Amino acid sequence: MANDSFKALVLEQRDGRIDAAIQELATSALPAGDVLVDIVYSTLNYKDGLAITGRGKIIRQFPMVPGIDFAGTVAESQHPDYQPGDAVLLTGWGVGERHWGGLAQRARVKGDWLVPLPAGLDARSAMAVGTAGFTAMLCVLALEQHGLAPGRELLVTGAAGGVGSVAVALLAQAGHTVVASTGRADEADYLRELGAAEVIGRLLAEGRPLESERWAGVVDTVGGTTLAAALRSTVTGGSVAACGNAGGIELNTTVFPFILRGVNLLGIESVHYPRAARPAVWARIARDLPANTRERMAQGIALRDVPAYAAQIVDGKVRGRVVVDVGQA
Ligand code: NDP
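Given the structure is predicted, the values throughout are model-derived calculations rather than measurements.

Section: the overall build of the protein
- What the protein contains, in helices and strands, is nine helices and 15 strands.
- The C-alpha atoms of the protein give 20 Å as radius of gyration, which agrees with the globular expectation for 329 residues (20 Å, within 12%).
- Each principal axis of the C-alpha atoms in the protein carries an extent, and together these give about 65 × 45 × 35 Å.
- In the protein, which comprises 329 residues, the share counted as buried stands at 54%.
- Here the contacts in the protein between residues at least 6 apart in sequence split such that 71% fall between residues at least 24 apart.
- For the protein, the accessible surface area stands at approximately 13,400 Å², while carbon and sulfur atoms represent 49% of it.
- Placing the 30 positive and 33 negative side-chain charges of the protein at their respective mean positions leaves the two points 3 Å apart.

Quick look at the structure:
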């Protein structure tokens, strides 16, 4: 096995530009780790888009195999928890950023970074969820932990994107009234199919320090002026789970939502989410996200198609989740 070759998308830096190409690599070239995984599916996330296009400084060491998540089968293991043949998945831990990642047919990683594939999900359906969906679930859990006023509306921003799509579906499935905010009016039917009760446009950048109270809770994937606008309309005691910055990193707000309405701003970070708590999050995803919903929000592409899709995801033009069949190199 150790000398077998496999295909991977490899990023190299030349003259300040990022080159992305599929290369044949030797298994012995993989970085150190106690588990070797034959990858079946990976996905394309926003962060991968930034890395592959070079539009965000995600990667500092080259060559690098991008891909911040994957699902596959253990081929070799020195880790006590994993045996050859085990079905596993990985999200986060800097894989695809500092350690060769999932947009490849093989990866060698720390076993501590892996999660057993949860009952009810196969490799493809787990990747239909992927890092984006895992993060959406963390947002929902954070909102629930802070309490959601019954009968009030919940807002999801960047709703047609990966995190947004899963958040809409999870919150609707839990019985909440979900309002989906999107810049793409042509995705309104898609968002209603995922469970949105109402589809609205992007939130306005300008507004009074406080607007009418509307959102009992918010999942914000956009940041910037969108996050500031969501805060202005969150109800007294409501919570905003902020996980993304697709629309900017600046946050220009007043203290009024916090000191006059007691709004909670909850920062969500999935990369280093504790290992021991991850299986329960995945079990909840497997339980709460019906198979037809997972399929509805996922499109499949080949490994060779990734560079073209990378540019589109950074431009906010990709709907839902992008599952990459790494066998189609
Ligand atoms: P996507 O590209 O799939 O979705 C982002 C969505 O944001 C777009 O589809 C679009 O939605 C909206 N959007 C994009 N650009 C703008 C803009 N300029 N102004 C307003 N809205 C915009 O990305 P993901 O869903 O995969 O990720 C979303 C964010 O979450 C990213 O910033 C990503 O880095 C972050 N993230 C954070 C994680 C964490 O651990 N905290 C983990 C995973 C992701 P629409 O067309 O519907 O308006």
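The rest of the description comes next.
Regarding the domain arrangement of the protein
- Looking at the protein, the domain boundaries give domain 1 (5–117 + 295–325) and domain 2 (131–267).
- Centre-to-centre separation of domain 1 and domain 2, based on C-alpha positions: 29 Å.
- Counting from both sides, the interface comprises 13 residues of domain 1 and, opposite them, 16 residues of domain 2.
- Both faces considered, domain 1 and domain 2 share a buried interface measuring about 1,200 Å² in area, 54% of it formed by carbon and sulfur atoms.
- The largest per-residue losses of area from domain 1 upon contact with domain 2 belong to Arg296, Met297 and Arg319, which jointly make up 44% of the total buried on that side.
- Taken together, the links from domain 1 to domain 2 amount to nine residue pairs in polar contact (both at pLDDT 80 or more).
- Grouping the amino acids of the side of domain 1 that touches domain 2 by side-chain chemistry returns four nonpolar, four polar and five charged.

Re the site of the ligand
- Taken together, 23 residues lie near the ligand, and Val163, Thr182, Gly183, Arg184 and Ser270 sit nearest.
- For the ligand, an oxygen atom lies 3.4 Å from a polar atom in the backbone of Ala159.
- Taking Cys243, its main chain carries an N or O atom lying 3.0 Å from a nitrogen atom of the ligand.
- Because more than half of its atoms lie within 2 Å of the grid, the ligand is assigned to the largest pocket.

Some points on the sheet that holds strand E8 (residues 153–157)
- One open sheet holds the six strands; their spatial order is E10-E9-E8-E11-E12-E13, and the pairing between them is parallel. In this open sheet, the two edge strands, each paired with only one partner strand, are strand E10 (198–200) and strand E13 (264–267). Strand-to-strand twist of the sheet, defined as the mean angle between neighbouring strand axes without regard to direction, takes the value 20°.
- In this sheet, strand E11 (residues 215–220) lies alongside E8 in parallel orientation, the contact comprising four bridges. When the bridges of E11 are listed, Glu153 appears paired with Trp215.
- Relative to strand E12 (residues 234–242), helix H2 (residues 123–146) is tilted by about 155°, and along the sheet it contacts E11, E12 and E13.
- Its contacts with the sheet place helix H5 (residues 224–232) against E8, E11, E12 and E13, and it is angled at close to 155° to E12.

Digging into the packing of H2 against helix H7 (residues 278–288)
- Contact geometry of H2 with H7 gives a least axis separation of 9 Å together with a crossing angle of 100°. On the basis of their axis angle, the class for H2 and H7 is roughly perpendicular. Taken together, the residues of H7 that come into contact with H2 (itself represented by Ala126, Val129, Gly130, Gly133, Phe134, Met137, Leu138, Val140, Leu141 and Glu144) are Arg278, Val281, Trp282, Arg284 and Ile285.
- Counted by class, the contact of H2 with H7 contains 10 nonpolar, two polar and three charged residues.

Quick word on a nonpolar patch on the surface
- Together, Val255, Phe256, Ile259 and Leu260 line one region of the surface with nonpolar side chains, adding up to about 390 Å² of accessible area.
- With respect to the helices and strands, the residue Phe256 is situated in helix H6 (residues 256–259).
- Owing to a relative accessible area of 34%, Phe256 belongs among the partly exposed residues under this scheme.

What about the side chain of Ser233?
- By secondary structure assignment, the location of Ser233 is in the loop between H5 and E12.
- The buried category is assigned to Ser233, whose relative accessible area is 13%.
- Setting aside anything within four residues of it in sequence, one finds Ser233 in contact with Glu211, Ser212, Glu213, Arg214, Trp215 and Arg261.

Topic: the packing of aromatic side chains
- A full pass over the atoms with the stated rule returns two aromatic pairs.
- Seen from their ring centres, Phe134 and Tyr273 are 5.9 Å apart, and the 80° between their planes marks the pair as edge-to-face. Separated by 139 residues along the polypeptide, Phe134 in helix H2 and Tyr273 in the loop between E13 and H7 bring together distant segments of the chain.
- Using a relative accessible area of 0% as the deciding quantity, one classes Phe134 as buried.
- Summarising the aromatic geometry, the rings of Phe134 and Trp282 are spaced 5.6 Å apart at their centres and angled 15° between planes, so their arrangement reads as stacked. With Phe134 in helix H2 and Trp282 in helix H7, this residue pair connects regions lying 148 residues apart in the sequence.
- Of the residues examined, Trp282 reaches a relative accessible area of 0% and is grouped as buried.
- What links up through ring pairs into an aromatic cluster is the set Phe134, Tyr273 and Trp282.
- Geometry around Tyr190 places Arg319 over its ring, the cationic atom sitting 4.4 Å from the centre.

Calculation criteria
- Residues numbered from 1 in each chain as written.
- Predicted model: local features only at pLDDT ≥ 70, side-chain atom pairs only at ≥ 80, totals over all residues.
- Heavy atoms only, no water.
- Helix = DSSP H or I, 4+ residues; strand = E, 2+ residues; numbered from the N terminus.
- Rg over C-alpha atoms; globule rule 2.2 N^0.38 Å.
- Buried < 20%, exposed > 50% of the residue type's maximum accessible area, 1.4 Å probe, protein only.
- Contact = heavy atoms within 4.5 Å.
- Areas by Shrake-Rupley, 256 points an atom, 1.4 Å probe, with all protein chains shown as cover.
- Lys, Arg positive; Asp, Glu negative; His and termini not counted.
- Charge placed at Lys NZ, Arg CZ, Asp CG, Glu CD.
- Domains from an automatic or database assignment.
- Buried area = accessible area lost by both parts, 1.4 Å probe.
- Polar contact = N/O pair within 3.5 Å; in protein donor to acceptor, adjacent residues only side chain to side chain.
- Nonpolar A, V, L, I, M, F, W, Y, C, P; charged D, E, K, R; others polar.
- Near = heavy atom within 4 Å.
- 1 Å grid on protein atoms, 1.4 Å probe; cavity = no way out; pocket = protein on both sides within 12 Å on 5 of 7 lines; lining within 4 Å.
- Sits in = over half its atoms within 2 Å of the grid points.
- Pairing = 2+ DSSP bridges.
- Axes fitted to C-alpha atoms, helices over the stretch in contact; angles between N-to-C directions.
- Parallel < 35°, antiparallel > 145°, perpendicular 65-115°, else oblique.
- Patch = residues over 30% accessible without salt bridge, like charges linked within 9 Å, V, L, I, M, F, W, Y side chains within 5 Å.
- Salt bridge = Lys/Arg side-chain N within 4 Å of Asp/Glu carboxyl O.
- Phe/Tyr/Trp six-rings, centres within 6.5 Å; stacked < 30°, edge-to-face > 60°.
- Lys NZ or Arg CZ within 6 Å of the ring centre and 35° of its normal.

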